[in-house]
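Listed below, chain by chain, are the residues.
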Amino acid sequence: MRAVTIASQAGRGKLALSHLNPPEPGTGEVLIEVAASGVNRADLLQRAGKYPPPPGAPEWPGLEVSGTIVSAGGGVSPRRVGEKVVALLDGGGHAELAVARAAQTLPVPPGVDLVDAGALPEAVCTAWTNLVDTARVQPGEWVLVQGGSGGVGTVAVQLARALGARVIATAGGPERVAQVRELGADVVVDHRREDFVAAVRAATAGHGADVVLDVLGGRALPDNVRALAHGGRLVVIGLQQGRRGDLDLNALMTKRATVTGTMLRSRTPAEKAAVVAAVHEHVWPMVADGRVRPVVHARLPLGEAEAALAMLEHGEAFGKVLLVP
Ligand SMILES: NC(=O)c1ccc[n+]([C@@H]2O[C@H](COP(=O)([O-])OP(=O)(O)OC[C@H]3O[C@@H](n4cnc5c(N)ncnc54)[C@H](OP(=O)(O)O)[C@@H]3O)[C@@H](O)[C@H]2O)c1
């Protein structure tokens with residue numbers, strides 16, 4: 001099978017299209033003929049040698065796929081062969097075939113194109129577990145989604161709204177601001193021109209954001225804390241602005257606020273399966289009725305993986321970029 005592999009060149013990883021032996025599903029696993037595989041910032045880190053796959057995972061990148069089950073490993077019903085699914089993977093998605101734990105697969109939601117469905121697993125699982133399991137968003141609360149134009153953010157905006165929250169999102173530039181507004185955000189802040197803390201205060205009549213879902217990290221930490229309401233919860237899921245930041249503990253105490261961070265990839269299979277099951281129960285109906293839809297910026301062939309990653313690296317993508325074998 002063809003797969004996107006990483007060859008090290010002068011200290012910088014370079015992507016190559018390689019011919020590899022097809023993987024075989026083990027106990028509790030299925031083999032998927034990949035229709036699409038979602039590109040993630042984790043792929044950029046893995047290419048740079050900074051994000052090795054967890055033990056036992058394939059060496060080649062790709063954290064999520066859509067496709068058709070073509071064989072089932074031990075303990076998995078052979079009747080699942082032929083099912084159209086999406087899957088959350090530990091790696092190895094950028095390929096013609098990928099192995100997934102059966103418990104980390106979901107049926108393709110009704111009405112969603114098989115290829116577009118590849119945009120869903122990582123973004124939906126990330127948005128769900130952080131907004132609901134971690135931040136415990138309540139209807140009527142104000143949620144600030146940092147990076148509402150991104151792969152995760154485009155889903156988080158729609159999901160927060162579907163959960164009954166009032167949504168403020170950030171995006172870069174007027175075109176992306178308009179696109180995020182179309183996704184249902186109540187207020188969209190152009191982070192290139194506006195101060196998001198002031199915008200949050202104005203939008204919420206001084207209340208602040210009850211929840212901030214943050215993809216920036218380090219340098220954004222002081223302003224994210226400033227934007228929080230009393231009892232607010234800041235959940236950091238990305239470090240685009242560094243891993244260290246200045247935390248005003250007095251502000252945290254005064255507001256009785258919480259700062260936390262989570263990562264999906266490092267969770268145990270049982271923890272991932274629990275997130276996938278909750279997404280199936282709670283988010284899949286929202287996808288089926290159109291409240292949450294995949295946002296696909298581009299579909300590129302496997303051989304153009306470098307171009308696909310460049311779209312994320314250069315901030316061009318609105319929503320997800322997919323590799324289509
Ligand atoms: N912890 C986890 O489990 C987990 C899971 C999935 C992803 N992530 C991480 O979450 C982050 C986002 O992932 P993604 O797939 O959505 O990436 P993406 O599609 O590349 O989106 C990046 C987002 O960051 C925004 N952004 C960049 N600079 C900004 C700024 N100064 N202020 C506000 N927003 C800014 C971009 O907005 P504009 O382009 O409009 O400026 C864009 O919306 C990544 O760091 C990724 O590694 C974490």
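Residues numbered from 1 in each chain as written. Predicted model: local features only at pLDDT ≥ 70, side-chain atom pairs only at ≥ 80, totals over all residues. Heavy atoms only, no water.

So, on to the sheet that holds strand β9 (residues 166-171). Here six strands make up an open sheet; going across it, the order is β10-β9-β8-β11-β12-β13 and the pairing parallel. The open sheet has two edge strands, β10 (187-190) and β13 (258-261), and neither has a second partner. Mean inter-strand twist for the sheet, computed between neighbouring axes without regard to direction, equals 15 degrees. Across three bridges, the pairing between strand β8 (residues 142-145) and strand β11 (residues 209-214) is parallel. Pairing of V145 across the sheet is with L213, part of β11. Here helix α4 (residues 174-182) sits on the sheet in contact with β9 and β10, set at roughly 165 degrees to β10. (Pairing = 2+ DSSP bridges. Helix = DSSP H or I, 4+ residues; strand = E, 2+ residues; numbered from the N terminus. Axes fitted to C-alpha atoms, helices over the stretch in contact; angles between N-to-C directions. Contact = heavy atoms within 4.5 Å.)

Across its 14 residues, helix α2 (residues 121-134) extends 18 Å between first and last C-alpha, which sits within 8% of the 20 Å expected from 1.5 Å per residue. R136 occupies a position one or two residues after α2 and carries a positive phi of about 50 degrees. (Expected span 1.5 Å × (residues − 1).)

As a further point, take the packing of aromatic side chains. Going through the model one piece at a time under the given rule, you end up with zero aromatic pairs. We note R265 situated over the ring of Y51; from NZ or CZ to the ring centre the distance is 4.6 Å. (Phe/Tyr/Trp six-rings, centres within 6.5 Å; stacked < 30°, edge-to-face > 60°. Lys NZ or Arg CZ within 6 Å of the ring centre and 35° of its normal.)

Right, let's talk about the packing of α2 against helix α3 (residues 151-162) for a bit. Two elements in contact, α2 and α3, have axes separated by 8 Å at closest approach and are oriented at 50 degrees. Classified by the interaxial angle, the pair formed by α2 and α3 is oblique. Judged by the twist between their axes, the crossing of α2 over α3 is right-handed. Packed against α2, whose contacting residues are A123, V124, T126, A127, W128 and L131, the element α3 presents G151, V152, V155, A156, L159 and A160 at the interface. Split by residue class, the contact of α2 with α3 holds 10 nonpolar, two polar and no charged. (Parallel < 35°, antiparallel > 145°, perpendicular 65-115°, else oblique. Left-handed = near helix turned anticlockwise from the far one by under 90°. Nonpolar A, V, L, I, M, F, W, Y, C, P; charged D, E, K, R; others polar.)

It is worth spelling out the site of the ligand at this point. The local shell around the ligand holds 24 residues, among which R41, S149, R176, H191 and L264 are the closest. For the ligand, an oxygen atom lies 2.9 Å from a polar atom in the backbone of V152. A distance of 3.0 Å separates a nitrogen atom of the ligand from a polar backbone atom of I237. Coverage of the ligand by the protein amounts to 85% of the 930 Å² it exposes when considered alone. The set of elements that each furnish at least two residues to the shell around the ligand consists of α2, α3 and β9. When grouped by side-chain class, the residues that make up the shell around the ligand number eight nonpolar, 13 polar and three charged. (Near = heavy atom within 4 Å. Polar contact = N/O pair within 3.5 Å; in protein donor to acceptor, adjacent residues only side chain to side chain. Areas by Shrake-Rupley, 256 points an atom, 1.4 Å probe, with all protein chains shown as cover.)

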